Amino acid sequence: MSWTPARDEDAALVAGAGRFVDDLDPLPGTLTAAVVRSPHPHARIRAVDLERARAHPGVAAVIGPDEVRAAVRPFPLSTAAPMPYLPSATDTARYVGEPVAVVVASDRYVAEDAAELVEVDYEPLDVVVDTRRALEDHAPQLHPDAGTNVATDRTFSFGDVDGAFARAAHVVRGEYTFPRYSSVPMECYGVVAHWTQGSDGPGVEAWANFHGPFTMVPVAAGALGVPVSRFRLHVPADIGGSFGIKSGIYPYVVLMALASRHAGRPVRWTEDRVEHLLASSSGAGRVMGFTAAVSADGAVEALRVDLVDDVGAYLRPPEPSTLYRCFGNITGAYDVPAVAIRARAAVTNRAPTGLNRGFGGQQLYFGLERLMDAVADRVGLDVAEVRRRNLVRSFPHRTPTGGLYDSGDYARALDLLLVKGGYEVLRHRQQSARAEGAYYGVGLALVVDPSGTNIGYVGLATPASERKPGRDKSGSTEIVRASVDVQGVVTVALGSVPQGQGHATVARRVAAARLGLPVGQVRALVDMDTATTPWTVTSGSYSSRFAPLVTSAVVAACDRLAETVRAGAAVLLGVDPGGLELADGTVRDPSSGASCLFRHAAGVVHWDPGALPDGAPLRLATEGEFVPPESVAATAEDRINSSLCYGFVAEMVGVRIDPDTLEITLDRVASVHDAGTVLDPVLLEGQVLGALVHGLGGAAFEEFRYSPAGQPTSATFLDYLCPTSAETAFDLVSDHVSSPSPLTPLGAKGCGEGSSMSFPVAYANAVADALAPAGVAIDSLPVHGSVIHDLLRA
Amino acid sequence: MKAAPFAYHRPDTVDEAVEVLATGDAKVLAGGQSLVPVLAMRLGRPGTLVDINRLPGLDTLVVSGGELHLGAAVRQRRVERSPEVRGVPLIARAMPFVGHRELRSRGTVCGSLAHADPAAELPAVAACLRATVVVRGPDGERTVDARDFVTGAMTTAVGADELVTGVRFPLSREGEGFGFAEIARRHGDFALAGVAVRVRRDGEAVLAAFGVSDRPVVRDVTALLDDPTEAALRPATDALAAEVVDTDGDAHGSRGYRARLLGVLAARELARARREAHA
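Labelled according to an unreviewed UniProt entry, chain B appears under the name Carbon-monoxide dehydrogenase medium subunit, originating from Actinomycetospora cinnamomea.

The name an unreviewed UniProt entry assigns to chain A is 2-furoyl-CoA dehydrogenase large subunit, from the organism Actinomycetospora cinnamomea.

Draft legend 1. The sheet that holds strand β7 (residues 140–145) of chain B, seen in detail. Residue and element names in this part refer to chain B. Spatial ordering of the open sheet is given by β4-β5-β10-β6-β7, a layout of 5 strands whose pairing is antiparallel. Each having just a single partner strand, β4 (61–64) and β7 make up the two edges of the open sheet. Here the strands of the sheet are splayed against their neighbours by 25 degrees on average, with no regard to which way each runs. Here strand β5 (residues 67–71) runs beside strand β10 (residues 163–170); their pairing, made up of 5 bridges, is antiparallel.

Draft legend 2. Expanded view of the UniProt feature "domain: FAD-binding PCMH-type" (unreviewed entry) in chain B. Per the UniProt entry, the sites bearing "domain: FAD-binding PCMH-type" (unreviewed entry) are residues 1–174 of chain B in this numbering. Summarising residues 1–174 of chain B: 29% helix, 26% strand, and an end-to-end C-alpha distance of 51 Å.

Draft legend 3. Summary view of the nonpolar core. With 263 residues, the main nonpolar core has Val103, Val104, Val253 and Val492 of chain A as its most contacted residues. Looking at this core element by element, the count peaks at 16 residues for helix α16 (residues 546–573) of chain A.

Draft legend 4. Geometry of the interface of chain B and chain A. Taken together, the contact between chain B and chain A spans 18 residues of the former and 23 residues of the latter. With 5 residues, helix α10 (residues 255–278) of chain B is the largest single contributor of residues to the side of chain B that touches chain A. Grouping the amino acids of the side of chain B that touches chain A by side-chain chemistry returns 8 nonpolar, 5 polar and 5 charged.

Draft legend 5. Structural context of the confidence of the model for chain B. Averaged over every residue, the pLDDT of chain B is 96; residues scoring 70 or more account for 100%. Under the prediction, the complex receives an ipTM of 0.96, its pTM being 0.97.

Draft legend 6. Seen up close, the pairing of strand β2 (residues 26–29) of chain B. Residue and element names in this part refer to chain B. Summarising the sheet, β2 and strand β3 (residues 48–51) pair through 4 bridges and their orientation is parallel. Bridging from a neighbouring strand, lysine 27 pairs with leucine 49 of β3. Regarding the hand of the β-α-β motif, the stretch spanning β2, helix α2 (residues 35–40) and β3 is right-handed.

Draft legend 7. Quick peek at unusual backbone geometry. Note the cis peptide between glycine 212 of chain A and proline 213 of chain A, where omega equals 0 degrees. Along the chain, the position of proline 213 of chain A falls in the loop between β10 (201–208) and α7 (216–224). One non-glycine residue, arginine 42 of chain B, lies in the positive phi region at around 55 degrees. Tracing the backbone through its elements, the reader meets arginine 42 of chain B in the loop between α2 and β3. Residue class for arginine 42 of chain B comes out partly exposed when judged on the 15 C-beta atoms lying within 10 Å of it.

Draft legend 8. Structural context of the UniProt feature "domain: Aldehyde oxidase/xanthine dehydrogenase a/b hammerhead" (unreviewed entry) in chain A. Here the UniProt feature "domain: Aldehyde oxidase/xanthine dehydrogenase a/b hammerhead" (unreviewed entry) sits at residues 15–126 of chain A. For residues 15–126 of chain A, helix accounts for 18% and strand for 30%, while the C-alpha atoms at its two ends are 51 Å apart.

Draft legend 9. Just helix α18 (residues 681–701) of chain A, in detail. For α18 of chain A, spanning 21 residues, the distance from its first C-alpha to its last is 29 Å, which sits close to the expected 30 Å at 1.5 Å a residue. When you tally the buried positions in α18 of chain A, you get 15 out of 21 residues, the bulk of the element.

Draft legend 10. Expanded view of the pairing of strand β15 (residues 338–346) of chain A. Residue and element names in this part refer to chain A. The element β15 is largely enclosed, with a buried count of 8 among its 9 residues. Bridging between strand β7 (residues 150–158) and β15 involves 8 bridges; their strand directions are antiparallel. What sits directly across from phenylalanine 156, in β15, is isoleucine 341.

Draft legend 11. How the structure looks around the domain arrangement of chain A. Residue and element names in this part refer to chain A. By the assigned domains, chain A splits into domain 1 (24–125 + 186–241 + 245–279), domain 2 (285–456 + 633–793) and domain 3 (478–626). Between domain 1 and domain 2, the C-alpha centre-to-centre distance is 36 Å. Secondary structure elements with two or more residues in the side of domain 1 that touches domain 2: α7 and α9 (273–279). The dominant element in the side of domain 1 that touches domain 2, judged by the number of residues it contributes, is α9, at 5 residues. Along the lines of polarity and charge, the residues of the side of domain 1 that touches domain 2 split into 16 nonpolar, 7 polar and 3 charged.

Draft legend 12. View of the packing of helix α15 (residues 503–515) of chain A against α16 of chain A. All names here are of chain A. One can describe the packing of α15 onto α16 by two numbers: an axis separation of 9 Å at closest approach and a directional angle of 35 degrees. The two elements α15 and α16 meet at a crossing, and its hand is right-handed. Taking contact as the criterion, the partners of His503, Val506, Ala507, Val510, Ala511, Arg514 and Leu515 in α15 are, on α16, Phe546, Val550, Thr551, Val554, Val555, Cys558, Asp559, Leu561 and Ala562. Across the contact of α15 with α16, the residue classes tally to 12 nonpolar, 2 polar and 2 charged.

What counts, and at which threshold
- Residues numbered from 1 in each chain as written.
- Chains lettered and ligands numbered in written order.
- Predicted model: local features only at pLDDT ≥ 70, side-chain atom pairs only at ≥ 80, totals over all residues.
- Pairing = 2+ DSSP bridges.
- Helix = DSSP H or I, 4+ residues; strand = E, 2+ residues; numbered from the N terminus.
- Axes fitted to C-alpha atoms, helices over the stretch in contact; angles between N-to-C directions.
- UniProt positions renumbered as here; feature names shortened; annotations may be inferred.
- Core = buried A, V, L, I, M, F, W, Y, C linked by C-beta atoms within 7 Å.
- Buried ≥ 20, exposed ≤ 12 C-beta atoms within 10 Å, placed from the backbone.
- Contact = placed C-beta atoms within 7 Å.
- Nonpolar A, V, L, I, M, F, W, Y, C, P; charged D, E, K, R; others polar.
- pLDDT = per-residue confidence, 0-100.
- Right-handed = clockwise from strand over helix to strand, strands pointing away.
- Expected span 1.5 Å × (residues − 1).
- Domains from an automatic or database assignment.
- Left-handed = near helix turned anticlockwise from the far one by under 90°.

Structure below.
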């Protein structure tokens, strides 16, 4: 394959010609909505008076708790917890920013003016924001019918955990806290929704920058009582980024569809930045305990893992998936034969959580990789050496929780990291710094990077005995449509709903390579229309699905097209189609050297299908699917292979800490990735860089904080700090090893999330290493000068 | 995030602007870099905005009488790029820390003074140098010593019916050295702590700290410079910092951390300024 370095998408984006949801004006007469939100973290709604708002000039409709209660069913949850979740508060508001009413007006100014006229009589209730506090018996309860704030509580045990701990030379334990943060997409949520009344019943047509998982489509349609067939969703090719955060938009699609029903007109809602930072979504916060049974020579023989996620006020689907996305790889890069797990999700008076780049991995590895440093310290080994001794060495590797690591060479990746990243050099820098009384630290993180989620893991939130027979879930099927037009141009239509990753660029090149065509003879469409684009219940842009799944379906679709084109060429060349090769825009008979143009071969099928023999393939518009192997539902023993592919990241961070100001400077970042077959080196590098900077945000800058009374204290960009170019000018060494996956046709694995999982803990390990002489532990993030100062003074 | 309704005036003269301000419930719009977000978030809802951007005479940027005169409509970026700014080195050093270039291209020097954010750079520079703020009201023009200008967080000595029309910074003189530094979470953020200092060869030294109290805190630190090396200064600047810092702190910088930073920065910049004064 030959690749040009630029992405096809970029020219329009850098020229301001991208078409985002707020740029679209698909329906005449569209009105604008503003959302009235709760100022209270927890309050009973005693009464709502919408009349003044309704009477305001320019207002078409105002909906509140009565309208929602009357028309919307609670979203089905992933567990049986009686914690009903609706798109807006009806009887009780449970977090600051929770929608309470929607005002539809002629424009946003008028809508916001009228929103101030909505009168809500709130009765404040006791508040719980701290995760550990939420677990206590007498903590304020968010959902009284549940009798607890624990939305799910499951325990698992695999292998001889007790025996390993009884035999252990060392038992090493750590408790860690992981913060809530986001990915801060450039465009916030945007919805245009139209409630329609057709001959066969009501329906909804909506445009939104939603990117999946498409399991949420039946969830949203079901809440409105509309069949999926009459719930038509459009997603434009440009959605302004997401990195998972926009998966939380579906309740707003429901809310705006209801608003449209009352207004009798299409309704547009464009979330502003304050709303976004207040109430859209974030990664789940987590408190966790990790305990290792360790042999005298540093081998981890068993783990006990105790996870408690803070999912906010509701178990908004797809939560509690943060707990389970990494279930099959919960032992990380290490060959640990036994593991016991307790997995809980607690509700708190904070905004609901959900997908965030690296989903579930940054939380998991923060505990596991901080623990590995603690193991090294206890056993008296170098942090690289203790990791090396525990690495998974042979592939495929079955983990105790059911994961099947498809391929890898972790030891080689680690060695490459240490050499290319200059581990010894950085250790020398540390020695010199310490001799001068300065702080310098080196941190490592090794993470297994899962891609191509097996949705069967959702079942784990329910005990095996309560899972209904015949209602299991598994897999991650993708479907792609491919066609050849009358001029021989191939179109591949993806249901991948990209968030800016460059799916069109890569899909086009994969298809061109597969069909032996110049890239210019292939185009890729990524606009989603659920009425016309092929999609499955697992479609969407999440869990790094594109490289392992979508490109596999592109290959399948192209191979079917190729059969037809060969049949056409066989007519022109007068040979058997079986041995014909597609290359250089032609179809060639290798034995005679005779060839014809691809477009002429396709032209025969278009214009003269009667020339083809009976039974010849005639499809010039076809679909290809990829159904991942090794992706089955959870077993009765609760084992699951939670992803199709497992990539690898070895990362190293060197930090210098100014002894006076305690400012942390990134002296070196080194990152070695194994994403299987590399589909595009430039895009891969872009994903690595993007994930690193995302990880840096969570490690050092970003955090959604709440006061003890439940008020968000980081709801503007004045307080919610994202890294900018000035914070990202660090020395980066990046390299790759390639262990192609045997489970995907191209051998490719996902690559967009790895460093989002590894960087936060690598950074924490580096800072902890730097401050080791001061006896300071880093057990939470973000970490920056003020945090260090307070730790040193504590 | 849309502003509540307001009336908009673009007067032709300063007198007319003052007349509109006198009607009450009016706010001055210059660069709008602080005011417009406040309006958009409906944190403030003045009945009237008085746009001074096109008022004649307020775009003055001249050196005269040993002072740099800046009119109320002069953009920060224009000052930063002007040759005249070399006459006031402390402004030149502070300006790159004021927001980002994009903000400085609209934001005004006088707007920053009038907004009086406790962590802003320019009010501290003005206080350090004892600049003169020129104010026009119904009773005519008056001047305010920059050290008396900020009276609390986001509050100044300017009355509701008055307009800041300009500010005059004294030009540096032979035998003066300057220092400016701040530390923020990210480049361009409001400072957790910062200092602006001026040291004279005859020994006089003044320091203005910002980000650590509800307003710039000015101290005569002449006595600290007996032994002017940074290391020797630290105990004294640390003690000064402990006394000066009275903010409660926040997640970005605790009170103790801000005091630490102020002690460090004060020693560094005083030592630097003294070297410069003696160069």
